[in-house]
Amino acid sequence: MVKKYKGKYCGVPQCKNFYNKEKGISMHRVPAFILKSPLLKKKWMHVLRMGKEFPKNFFICSTHFLDKYIITSQKSKLTFLSRAAFPTENLPSSIVTKRSKTPRRILQRIVEDKSYEM
Ligand SMILES: [Zn+2]
């Protein structure tokens with residue numbers, strides 16, 4: 001199925017979306033200013049579980065962004081990412097199951113705080 005499709009598809013690990021107007025899925029390139037900033041690029045690569053640099057033809061689909069970050073041009077009807085866009089939705093699941101690095105001391109303090117309320 002995917003082979004027949006010649007258009008863009010999402011390059012995010014575990015995401016199999018491709019451009020679908022009916023479903024409202026649009027494809028976006030990683031903004032140039034993200035790629036130019038080592039810090040921002042690192043953040044994106046981390047949340048998207050990219051083990052290496054973004055490939056040249058990397059696209060990310062709109063399902064990884066909140067609606068407010070997807071801007072539709074009234075004139076051209078094209079969608080593009082807001083400058084503040086950051087992928088927070090439908091991220092690769094390994095990020096959810098990663099081991100918590102919260103130190104034990106902080107966890108204990110949270111429990112204590114809760115007991116104060118009671
Ligand atoms: Zn995707």
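To be clear, the structure that these remarks concern was listed above.
For the structure given in this document, a descriptive report is provided here. None of these values were measured; they are calculated from a predicted model. (Residues numbered from 1 in each chain as written. Predicted model: local features only at pLDDT ≥ 70, side-chain atom pairs only at ≥ 80, totals over all residues.)

### Section: the overall build of the protein chain
A count of helical and extended segments in the protein chain gives four helices and four strands. Along its sequence from the N terminus, the protein chain presents helices and strands in the succession β-α-α-β-β-β-α-α. Long-range pairs, those at least 24 residues apart, make up 59% of the contacts in the protein chain between residues at least 6 apart in sequence. (Helix = DSSP H or I, 4+ residues; strand = E, 2+ residues; numbered from the N terminus. Contact = placed C-beta atoms within 7 Å.)

### Quick look at the nonpolar core
One finds Cys10, Val12, Val30, Ile34, Trp44, Leu48, Phe59, Ile60 and Cys61 forming the largest nonpolar core, which totals nine residues. The residues contacting Cys10, other than those within four sequence positions of it, are Cys15, Asn17, Phe18, Met27, Phe59, Ile60 and Cys61. (Core = buried A, V, L, I, M, F, W, Y, C linked by C-beta atoms within 7 Å. Buried ≥ 20, exposed ≤ 12 C-beta atoms within 10 Å, placed from the backbone.)

### Some remarks on the environment of Lys52
You can see Lys52 is positioned in the loop between helix 2 (38-47) and strand 2 (60-61). For the pair Lys52 and Lys42, spaced ten residues apart in sequence, the C-alpha to C-alpha distance is 10.0 Å.

### Some thoughts on unusual backbone geometry
We note that Arg49 has phi near 55°; this positive angle belongs to a residue other than glycine. One non-glycine residue, Lys77, lies in the positive phi region at around 65°. Among the structural elements, Lys77 can be located in the loop between strand 3 (70-72) and strand 4 (79-81). According to the C-beta neighbour criterion, Lys77 is exposed, with 8 such atoms within 10 Å.

### Section: the environment of Leu40
With respect to the helices and strands, Leu40 occurs in helix 2. Of the residues examined, Leu40 has 15 C-beta atoms within 10 Å and is grouped as partly exposed. Sequence separation between Leu40 and Phe86 is 46 residues; the distance between their C-alpha atoms is 9.6 Å.

### Some thoughts on the environment of His28
Within the secondary structure, His28 is located in strand 1 (residues 27-28). Residues His28 and Cys61, 33 residues apart in the sequence, show an inter-C-alpha distance of 6.0 Å. Discounting chain neighbours no more than four positions away, the residues touching His28 are Phe59, Ile60, Ser62, Phe80 and Leu81.

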